[in-house]
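# Topology and contacts: notes
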Amino acid sequence: MNQMKKPVLTLTGIDRHYGQGESVLSILKGANFTLNAGETVALVAPSGTGKSTLLHLAGLLEHPDAGEVKVGGLECNGLSDERRTAIRRESVGFVYQFHHLLPEFSAIENIMMPQLIAGLGMAEARERASQLLDYMRIGHRASHRPAELSGGEQQRVAIARAVANAPLVLLADEPTGNLDPETASYVFAALEALVRQSGLSALIATHNHDLARRMDRCVTLADGKVIAYDPGAA
Ligand SMILES: Nc1ncnc2c1ncn2[C@@H]1O[C@H](COP(=O)(O)OP(=O)(O)OP(=O)(O)O)[C@@H](O)[C@H]1O
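Residues numbered from 1 in each chain as written. Predicted model: local features only at pLDDT ≥ 70, side-chain atom pairs only at ≥ 80, totals over all residues. Heavy atoms only, no water.

## Some words on the side chain of Thr 206
Its location among the elements puts Thr 206 in the loop between strand 8 (201–205) and helix 7 (209–212). Reaching out from Thr 206, the side chain makes a polar contact with the backbone nitrogen of Asn 208 at a distance of 2.9 Å. Beyond its immediate chain neighbours, meaning those up to four positions away, Thr 206 contacts Leu 43, Val 44, Glu 174, Leu 211 and Ala 212. (Helix = DSSP H or I, 4+ residues; strand = E, 2+ residues; numbered from the N terminus. Polar contact = N/O pair within 3.5 Å; in protein donor to acceptor, adjacent residues only side chain to side chain. Contact = heavy atoms within 4.5 Å.)

## A closer look at the site of the ligand
Neighbouring the ligand are Tyr 18, Leu 25, Ile 27, Pro 46, Ser 47, Gly 48, Thr 49, Gly 50, Lys 51, Ser 52, Thr 53 and His 207. The separation between an oxygen atom of the ligand and a polar side-chain atom of Thr 53 is 2.6 Å. Isolated, the ligand exposes 640 Å² of accessible area, and the fraction of that covered by the protein chains is 57%. Looking at the shell around the ligand, the elements with two or more residues in it are strand 2 (25–36) and helix 1 (51–58). Here the shell around the ligand takes 3 residues from helix 1, the largest share from any one element. Each residue belonging to the shell around the ligand can be placed in one class, and the counts come to 4 nonpolar, 7 polar and 1 charged. (Near = heavy atom within 4 Å. Areas by Shrake-Rupley, 256 points an atom, 1.4 Å probe, with all protein chains shown as cover. Nonpolar A, V, L, I, M, F, W, Y, C, P; charged D, E, K, R; others polar.)

## Observations concerning helix 3 (residues 107–117)
Taken together, the buried positions of helix 3 are occupied by Ala 107, Ile 108, Asn 110, Ile 111, Met 112 and Gln 115. Packed against the buried residues of helix 3 are helix 4 (122–135) and helix 5 (151–163). Gly 119, located one to two residues past helix 3, shows a positive phi value of around 100 degrees. (Buried < 20%, exposed > 50% of the residue type's maximum accessible area, 1.4 Å probe, protein only.)

## Section: the sheet that holds strand 2
The antiparallel open sheet is built from 4 strands, whose spatial order is 2-1-4-5. Each of the sheet's edge strands pairs with one partner strand only, and the pair in question is strand 2 and strand 5 (74–75). Sheet topology places strand 1 (residues 7–18) next to strand 4 (residues 66–71); 5 bridges connect them, and they run antiparallel. Bridge assignment links Thr 10 to a residue of strand 4, and that residue is Lys 70. Strand contacts of helix 1: strand 1, strand 2 and strand 4, with the helix running at about 125 degrees to strand 1, the strand carrying the most contacts. (Pairing = 2+ DSSP bridges. Axes fitted to C-alpha atoms, helices over the stretch in contact; angles between N-to-C directions.)

## So, the layout of surface pockets
Considered as a void within the structure, the largest pocket measures approximately 600 Å³ in volume. Lining of the largest pocket is provided by 21 residues; of these, Arg 89, Val 92, Phe 94, Pro 114 and Arg 161 occupy positions nearest its centre. No other element matches the 4 residues that helix 3 contributes to the lining of the largest pocket. Counted by class, the lining of the largest pocket contains 13 nonpolar, 5 polar and 3 charged residues. One number sums up the size of the second largest pocket: a volume of about 180 Å³. Taken together, 14 residues form the lining of the second largest pocket, with Lys 51, Ser 52, Gln 97, Asp 173 and Glu 174 sitting closest to its centre. Looking at the lining of the second largest pocket, the element that brings in the most residues is helix 1, giving 3 residues. Looking at the lining of the second largest pocket residue by residue, the class counts come to 2 nonpolar, 9 polar and 3 charged. (1 Å grid on protein atoms, 1.4 Å probe; cavity = no way out; pocket = protein on both sides within 12 Å on 5 of 7 lines; lining within 4 Å. Points joined across faces, edges and corners; volume = space filled by probe spheres on them.)

## Some remarks on the pairing of strand 2
Consecutive side chains of a regular strand alternate in pointing toward one face of the sheet and then the other. The sheet contact formed by strand 1 and strand 2 spans 9 bridges and is antiparallel. Looking at the pairing, Tyr 18 lines up with Leu 25 of strand 2. Once strand 1 ends, the chain turns through 6 residues before running back antiparallel as strand 2, passing Gly 19 with a positive phi of about 80 degrees.

## Details of the packing of helix 3 against helix 5
Interhelical geometry of helix 3 versus helix 5 gives an angle of 20 degrees and a closest axis separation of 8 Å. Taken together, the axes of helix 3 and helix 5 are roughly parallel relative to one another. Between helix 3 and helix 5 lies a crossing of right-handed hand. On helix 5, the residues that touch Ala 107, Asn 110, Ile 111 and Pro 114 of helix 3 are Val 157, Ala 160 and Arg 161. Broken down by class, the residue content of the contact of helix 3 with helix 5 amounts to 5 nonpolar, 1 polar and 1 charged. (Parallel < 35°, antiparallel > 145°, perpendicular 65-115°, else oblique. Left-handed = near helix turned anticlockwise from the far one by under 90°.)

See the structure below:
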């Protein structure tokens, strides 16, 4: 069997609503989605349709009201919060629109952090973080704190941090949404190169059709379901 076709993330029959009674808001209604090993998928959908909700469910930050979320073939709904947190740390990397770096730590320390939490030694974590900084062309900024970096540099550090533990799945929620178009294109190219070079599987929410077209395939949300999407048609 082709290893590349192995699913690393599967969402099946997902329902998610917010609120109660008359004010209930149904966001996902029987949504299905599969991300295969080594695949890059763009999630392009209008604001408020549930992109962040889908990513939060995929990353085990939220529970669905119905349906199954499998990470690496393991059904995660029935697991304890501790186990879900452990799977998230081991298997999922997140990049958000805003960098969420720890302000009191340097760029390299921010990238080392998840590796140290995962049990890697200091020297090994520093070496890997240093390589990632070089790969993202910000090796010269290693000892700077986030506030001393530009928006594009902050996002490159955040991307390096998200992939530091070689996650099974990379989830990115508008990773370049806070950047000017030129910087967004540069940062997205760096993200894409890193993902492809590492053979990572990635689900990336973006409003940017030019960036979405660079992924292996695109999906959108319509009536609470995930459907195929052609960004060229927009
Ligand atoms: N915790 C919550 N409580 C109530 N409503 C929520 C909650 N989280 C999200 N929503 C609502 O669910 C809908 C989908 O939100 P979500 O953030 O997933 O959309 P999105 O597609 O990511 O939007 P955007 O592109 O603007 O970030 C929105 O109408 C939002 O207001």
